[in-house]
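# Chains, contacts and geometry: an overview
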Amino acid sequence: MLKNSYTLVMLIVCLLFFSACTSAGEKEEESTNEQEPVSDESETETTDNVENSEIDMDPDEPVPNSTFHITQTSISSVFYKSSMDIDSDFQKEVVETLTEYDAVGTEDGTKLTLPEDILFDFDSSELRSESTEVMEQLVQVIDTTDDDVTIVGHTDSEGEDSYNQELSEERAEAVLDALVDAGVEEDRLTAEGKGASEPVADNTNSDGSDNPEGRQQNRRVEVTVHGFNE
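Residues numbered from 1 in each chain as written. Predicted model: local features only at pLDDT ≥ 70, side-chain atom pairs only at ≥ 80, totals over all residues. Heavy atoms only, no water.

To continue, consider the nonpolar core. Counting residues in each nonpolar core, the largest one holds 29 residues, and the members touching the most others are Leu119, Met135, Ile151, Val175 and Leu179. Those residues in contact with Ile151, other than ones at most four positions away along the chain, are Ala172, Val175, Leu176, Leu179, Thr190, Ala191, Glu192, Val221, Glu222 and Val223. (Core = buried A, V, L, I, M, F, W, Y, C linked by side-chain atoms within 4.5 Å. Buried < 20%, exposed > 50% of the residue type's maximum accessible area, 1.4 Å probe, protein only. Contact = heavy atoms within 4.5 Å.)

See below:
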């Protein structure tokens, strides 16, 4: 009888001990699970802060038009300064003009080369009607400085030297007059002719035959905008 009672008591003790251990394990697991929402809440709060920050920036708010105060722009070896506030379209047009007319830097400026065929008919000093657009392009470049501009006419070696000299001078003067008509101050402009004395290509081939491509390159007008690369 006592033995059975002792066994019953021990069984009850074991059950109580097991129950206590199970309860403690569940509480520990609940404690761990309760900490997880804290992390989620913190992450949510951080995300909300980022979203709120983005919402504060109104994407529909208009952006004001920008202007550029260009202090120095380069293309190849060409550099220029401007004291004007100019927009990107103007800047783009100037750079396109420099590229189109093979602009190169000189000691005190920038030289653009205008081929004969865009300005004059062969053996003529009268500007073609299509040259109006060329003059407008030149004016944009010239207006970026307050310095002087030198215009030099060149011919090929075909014909008498005296005739070529006169033709080169007349062509340079024609460009000067067109620039004045386009709004450039005349006292900034100087025109001169070099005839065939400064070729940039061979007028004849090595065997003495004619070189039409070379002669065409030599028939040109060079416009140097002083102060453009300082």
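Take the pairing of strand β8 (residues 189-193) next. Pairing analysis gives five bridges linking strand β7 (residues 149-154) to β8, with the strands arranged parallel. Bridge assignment links Val149 to a residue of β8, and that residue is Leu189. With helix α4 (residues 161-181) bridging β7 and the parallel β8, this β-α-β connection has right-handed handedness. (Pairing = 2+ DSSP bridges. Helix = DSSP H or I, 4+ residues; strand = E, 2+ residues; numbered from the N terminus. Right-handed = clockwise from strand over helix to strand, strands pointing away.)

Another point: the sheet that holds β8. The five strands are arranged β5-β6-β9-β7-β8 in an open sheet whose pairing can be described as mixed. Two strands lie at the open edges of the sheet, namely β5 (104-105) and β8, each paired on one side alone. Of the strand pairs in this sheet, β5 and strand β6 (residues 109-115) are connected by two bridges, and their pairing is antiparallel. Looking at the pairing, Val104 lines up with Lys111 of β6. The strands touched by α4 within the sheet are β7, β8 and β9 (220-226), with β8 carrying the most contacts at an inclination of about 160 degrees. (Axes fitted to C-alpha atoms, helices over the stretch in contact; angles between N-to-C directions.)

Here we take up the environment of Thr106. Tracing the backbone through its elements, the reader meets Thr106 in the loop between β5 and β6. With 118 residues separating them in the primary sequence, Thr106 and Thr224 have C-alpha atoms 8.3 Å apart. Those residues in contact with Thr106 that lie beyond four places of it in its chain are Lys111, Thr224 and Asn229.

Within the secondary structure, Gly214 is located in helix α5 (residues 212-218). Among the residues examined, Gly214 registers a relative accessible area of 2% and is labelled buried. Along the chain, Gly214 and Pro199 lie 15 residues apart, while their C-alpha atoms are 8.7 Å from each other. Those residues within four positions of Gly214 in sequence are excluded, and the remaining contacts are Ala201 and Asp202.

In this section: unusual backbone geometry. Even without glycine at this site, Asp102 takes up a positive phi of about 50 degrees. Classification of Asp102 by relative accessible area gives exposed; the value is 55%. With a phi close to 60 degrees, Asp123 is a non-glycine residue in the positive phi region. Residue placement: Asp123 occurs in the loop between β6 and α3 (131-142).

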